[in-house]
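The lines below spell out each chain.
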Amino acid sequence: MPTESRLGGPTDLTMEALRVAEERSRAYLRDLANRSVYPRESALAALAQFHEPFPDQRCHPADVVRMLDEFGSPATVATAGGRYFGFVIGGALPATLAASWLASAWDQNSAFRIMSPVVAEIEEVVLRWVCEIFGIPDDSEGGIVTCATAANFTALAAARHALLARSGWNVAEDGMFAAPPIEVVVGDEVHASVLKALNLAGFGQRRVKRVPTDAQGRMRADRLPKLAKNSLVCIQAGNVNTGSFDPAAEVCRWAHDHEAWVHVDGAFGLWAAASANYRHLVAGFEMADSWATDAHKWPNANYDCGIVLARDAAALREAGYEVLNDVVINQVLVSFGRAETTQEVMRRVQEDGICWCGGTVWQGKTAMRISVSSWATSEEDVEKSLAAVLRIARQVGA
Ligand SMILES: *Cc1c(COP(=O)(O)O)cnc(C)c1O
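Calculation criteria
- Each chain has its residues counted from 1, running along the sequence as written.
- Predicted model: local features are reported for residues with pLDDT of at least 70 only, side-chain atom pairs are reported and counted for 80 or more only, and whole-chain, interface and lining totals are derived from all residues.
- Only hydrogens and water are removed before side-chain values are computed, so all heavy atoms of the structure are retained for them.
- Patch rule: a residue counts if its relative accessible area is over 30% and it has no salt bridge; like charges are joined within 9 Å, and nonpolar side chains (Val, Leu, Ile, Met, Phe, Trp, Tyr) within 5 Å.
- Here the accessible surface of atoms and residues is derived via Shrake-Rupley with a 1.4 Å probe, and residues count as covered only by protein chains that are part of the display.
- Each reported salt bridge corresponds to a side-chain nitrogen of Lys or Arg within 4 Å of a carboxyl oxygen of Asp or Glu.
- Think of it in three bands: with a 1.4 Å probe and only protein chains considered, a residue is buried below 20% of the maximum accessible area for its type, exposed above 50%, and partly exposed in between.
- Orientation is described by lines fitted to C-alpha atoms, with helices fitted over the stretch in contact, and by angles between N-to-C directions that extend from 0 to 180 degrees.
- Under the scheme used here, helices are H or I runs from DSSP no shorter than 4 residues and strands are E runs no shorter than 2 residues, and both carry numbers assigned from the N terminus.
- Roughly parallel here means an angle under 35 degrees, roughly antiparallel means over 145, roughly perpendicular means 65 to 115, and every remaining angle is called oblique.
- With the far helix as reference, a near helix turned anticlockwise by less than a right angle produces a left-handed crossing, and one turned clockwise produces a right-handed crossing.
- What makes two residues a contact is simply this: any of their non-hydrogen atoms within 4.5 Å.
- Side-chain classes follow a simple rule in which Ala, Val, Leu, Ile, Met, Phe, Trp, Tyr, Cys and Pro form the nonpolar group, Asp, Glu, Lys and Arg form the charged group, and the remainder, Gly included, forms the polar group.
- One heavy atom within 4 Å of a molecule or strand makes the whole residue count as near it.
- Under the rule applied, a polar contact is a pair of N or O atoms within 3.5 Å (in protein, one hydrogen donor and one hydrogen acceptor; residues adjacent in sequence only if both atoms are side-chain atoms).
- Just so you know, the domain bounds were taken from an automatic or database domain assignment.
- Strand pairing is assigned whenever DSSP identifies at least 2 bridges connecting the two strands.
- In this analysis, the protein atoms alone were mapped onto a 1 Å grid. Cavities are point sets where a 1.4 Å probe fits without being able to get out; pockets are open sets with protein on both sides within 12 Å along at least five of seven lines; lining residues have an atom within 4 Å of a point.
- Grid points are joined across faces, edges and corners, and a volume is the space filled by probe spheres set on the points.

**Q** Break down a nonpolar patch on the surface for me, with residues and values.
**A** On the surface, a nonpolar cluster with roughly 460 Å² of combined accessible area is contributed by Y38, L44, L47, F50, V64 and L68. According to the relative accessible area criterion, L44 is partly exposed, its value standing at 31%.

Structure follows, in structure tokens:
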């Protein structure tokens, strides 16, 4: 291996590695439209190249980037392109991609304002914008976190703090053991990440009451249980299968009449507020007490980027954690008849490589779930993907 003196100083090494990264990134993005959306078997097999003994010699930084590109790029899932419709995954907008390069060059630790004034300032701006879009009080406290799961957890920890404080219990001082009970209410179609966050925040599954939902997965407000000032109600803006929205205004009114706390899991759905065409879907969600959402879904920011907001600023700050189908919108469920037929169509669509869609089970029925979440998806991508799905469905005899 060449030594640093023969290669140039640290700055030269950095410049060369960046140049290679830029070239390789450009080539990667240019090729996205032509490649299989899901990596081919051969690309997956080539990942074995990464398995080598822990290096005991230094190597050239640019070579690290070359190796990543050579064996890593073909084994990526082309989520940055226009024909990935799995889970709820956005692409990266040109500005967010390029800005993330700059942010990597900055390499800021943003735990406190004194550690990075610029990051703290930009976070403030983003949070105020998000309050404006969602129509929630602009003195709500919030933070940028890694994902909606972390945002749900943070908000639920804040709710826990505030609700227990009403019974004279201080979580920070007294912990959770022997704390007064909190009653948790969720819709039957609650996202798994909320249940996970509830567990992490110390609420056991047995404490969680599930409210029945309608055929689209919306919580039935008429089936809400009696609530109290120690109740925590979790509602959803954008069901991951159908895209449906819980009846927020009704739930919030009922909950607030009983002084309960309402938390919104709006990982992607809350962003409907930014569109004049879809704003009506999120009416009432602004009445809640806390909100979790993702900038890495519809807003197409780079991974990872979640956002948490809470009306009660003190509770959020105290939370153990310093935080910095009817197709109503983008989620579509398709069944091709019997479960095995639908699974076969999905398997072949994924193997075919033109587009990528995942599967789910919705109210006992196996379905292909199409999530349109990327800015890069064009009319042409939709046509091309639709043609591939229809061709495969015909072959399977669906
Ligand atoms: C995606 C999603 C989540 C989890 O988001 P992550 O960013 O992956 O943690 C939670 N709730 C809903 C409704 C989602 O669609």
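Next comes the rest of the write-up.
**Q** Outline the packing of helix α12 (residues 339–352) against helix α13 (residues 379–396), supporting the account with residue identities and numerical values.
**A** The axes of two packed helices give the description: the angle between them and the distance between them. Taken N-terminus to C-terminus, the directions of α12 and α13 make an angle of 130°; their axes are 9 Å apart at the nearest point. Classified by the angle their axes make, α12 and α13 are oblique. The element α12 and its partner α13 pack so that their crossing is right-handed. Each of T341, E344, V345, R348, V349 and D352 in α12 lies in contact with α13, whose residues at this interface are A388, V389, R391, I392, A393, Q395 and V396. Looking at side-chain class alone, the contact of α12 with α13 contains seven nonpolar, two polar and four charged residues.

**Q** Could you give me a rundown of the site of the ligand, with the residues and numbers involved?
**A** The ligand sits among 13 residues. The nearest are A148, T149, D265, D294 and K297. Here T149 contributes a side-chain N or O atom positioned 2.5 Å from an oxygen atom of the ligand. In the environment of the ligand, a nitrogen atom lies 2.7 Å from a nitrogen or oxygen atom belonging to the side chain of D265. Starting from 380 Å² of accessible surface for the ligand in isolation, the protein chains cover 86%. For the shell around the ligand, the class distribution of residues is five nonpolar, five polar and three charged.

**Q** Go over the domain arrangement of the chain, please, and point to the residues and values.
**A** Along its sequence, the chain is carved into domain 1 (10–76), domain 2 (111–318) and domain 3 (331–397). If you average the C-alpha positions of domain 1 and of domain 2, the two centres end up 39 Å apart.

**Q** With reference to specific residues and values, describe the sheet that holds strand β9 (residues 358–362).
**A** Overall, antiparallel pairing links the three strands, which are arranged β8-β10-β9 in an open sheet. Only two strands of the sheet have a single neighbouring strand rather than two, namely β8 (331–334) and β9. Sheet twist, expressed as the average angle between the axes of neighbouring strands with direction ignored, equals 40°. Both β9 and strand β10 (residues 365–371) contribute to a ladder of five bridges, which runs antiparallel. Looking at β10, one finds that W362 is bridged to K365. Of the strands in this sheet, β8, β9 and β10 are in contact with α12, which crosses β10 at around 30°.

**Q** Pulling in residues and values, what's your account of unusual backbone geometry?
**A** Between Y303 and D304 the backbone carries a cis peptide bond, its omega angle lying at -10°. One can find D304 in the loop between β6 (290–294) and β7 (306–310). The backbone of A178 sits at a positive phi, close to 70°, despite the residue not being glycine. Along the chain, the position of A178 falls in the loop between α8 (171–174) and β2 (183–187).

**Q** Report on empty space enclosed by the protein, specifying residues and quantitative values.
**A** Size it by volume and the largest cavity reaches roughly 80 Å³. When contributions to the lining of the largest cavity are tallied by element, the ones reaching two or more residues are β4 (231–236) and β5 (261–265). Looking at the lining of the largest cavity element by element, the count peaks at three residues for β4. For the lining of the largest cavity, the residue count by class is five nonpolar, five polar and three charged.

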